[in-house]
Amino acid sequence: MPVSATATERTAKHTLPALPYDYAALEPHIDRQTMEIHYTKHHQAYVNNLNAALDKHPQLYQKPLDSPLTEGRIPILGLDVWEHAYY
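Residues numbered from 1 in each chain as written. Predicted model: local features only at pLDDT ≥ 70, side-chain atom pairs only at ≥ 80, totals over all residues. Heavy atoms only, no water.

Engineer: For this particular structure, what's the right way to read the overall build of the protein chain?
Structural biologist: Counting its secondary structure elements, the protein chain contains three helices and zero strands. Reading the protein chain from its N end, one meets helices and strands in the order α-α-α. Across the 87 residues that make up the protein chain, the buried fraction comes to 33%. Long-range pairs, those at least 24 residues apart, make up 54% of the contacts in the protein chain with a sequence separation of at least 6. (Helix = DSSP H or I, 4+ residues; strand = E, 2+ residues; numbered from the N terminus. Buried < 20%, exposed > 50% of the residue type's maximum accessible area, 1.4 Å probe, protein only. Contact = heavy atoms within 4.5 Å.)

Here it is, written out as structure tokens:
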């Protein structure tokens, strides 16, 4: 589930990808409330923080999240968003 698929999309702000399953789909291993909080609060915060950081370096919007970025905390924020798209 890529966060950004094309170069055109990468020039825009990153968005939270849609979950391909219901919040309750992983029960009984991970409960619905945990999944909902993780997705709508925790994962969304990573996306928001990445966009805020990239606003200061707009040329980096063009790079894919899994490529090396070189501006301050942006590499970590980008990888956090990228890895959370697979949880």
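Now that the structure has been shown, the text picks up again.
Engineer: Please explain the pattern of salt bridges as it appears in this structure.
Structural biologist: A side chain with one charge may pair with a side chain of the opposite charge, provided their charged atoms come close. Scanning the model with the defined rule gives two salt bridges in all. A salt bridge links aspartate 55 to lysine 13, with the nearest nitrogen and oxygen atoms 2.8 Å apart. With a gap of 42 residues between them, aspartate 55 in helix α2 (residues 32-55) and lysine 13 in the loop between α1 (7-10) and α2 connect regions that are remote in the sequence. On the basis of relative accessibility, which here comes to 42%, the residue aspartate 55 falls in the partly exposed class. (Salt bridge = Lys/Arg side-chain N within 4 Å of Asp/Glu carboxyl O.)

Engineer: How do you make sense of the packing of aromatic side chains when you look at a structure like this?
Structural biologist: The geometry of an aromatic ring pair is captured by two quantities: the separation of the ring centres and the angle between the planes. Scanning the entire structure with this criterion turns up one aromatic pair. Judged by centre distance (6.1 Å) and plane angle (55°), the rings of tyrosine 23 and tyrosine 39 are tilted. Taken together, the residues tyrosine 23 in the loop between α1 and α2 and tyrosine 39 in helix α2 connect sequence positions 16 residues apart. A relative accessible area of 17% places tyrosine 23 in the buried class. Taking the relative accessible area as the measure of exposure, tyrosine 39 reaches 13% and is therefore buried. (Phe/Tyr/Trp six-rings, centres within 6.5 Å; stacked < 30°, edge-to-face > 60°.)

Engineer: Sorry, what's going on with α2 here?
Structural biologist: An α-helical turn contains 3.6 residues, so any two residues separated by three or four positions project in the same direction. In this model, α2 (24 residues) spans 33 Å end to end at C-alpha, consistent with the 34 Å of a helix rising 1.5 Å per residue. A bend of about 35° at histidine 38 is the largest found in α2. Within the span of α2, buried status applies to Met35, His38, Tyr39, His43, Val47, Leu50, Asn51, Ala53 and Leu54. At the N-terminal boundary of α2, the capping side chain belongs to aspartate 31, with an oxygen 3.2 Å from the backbone nitrogen of glutamine 33. (Expected span 1.5 Å × (residues − 1). Bend = angle between axes of the 7 residues up to and from the residue. Polar contact = N/O pair within 3.5 Å; in protein donor to acceptor, adjacent residues only side chain to side chain.)

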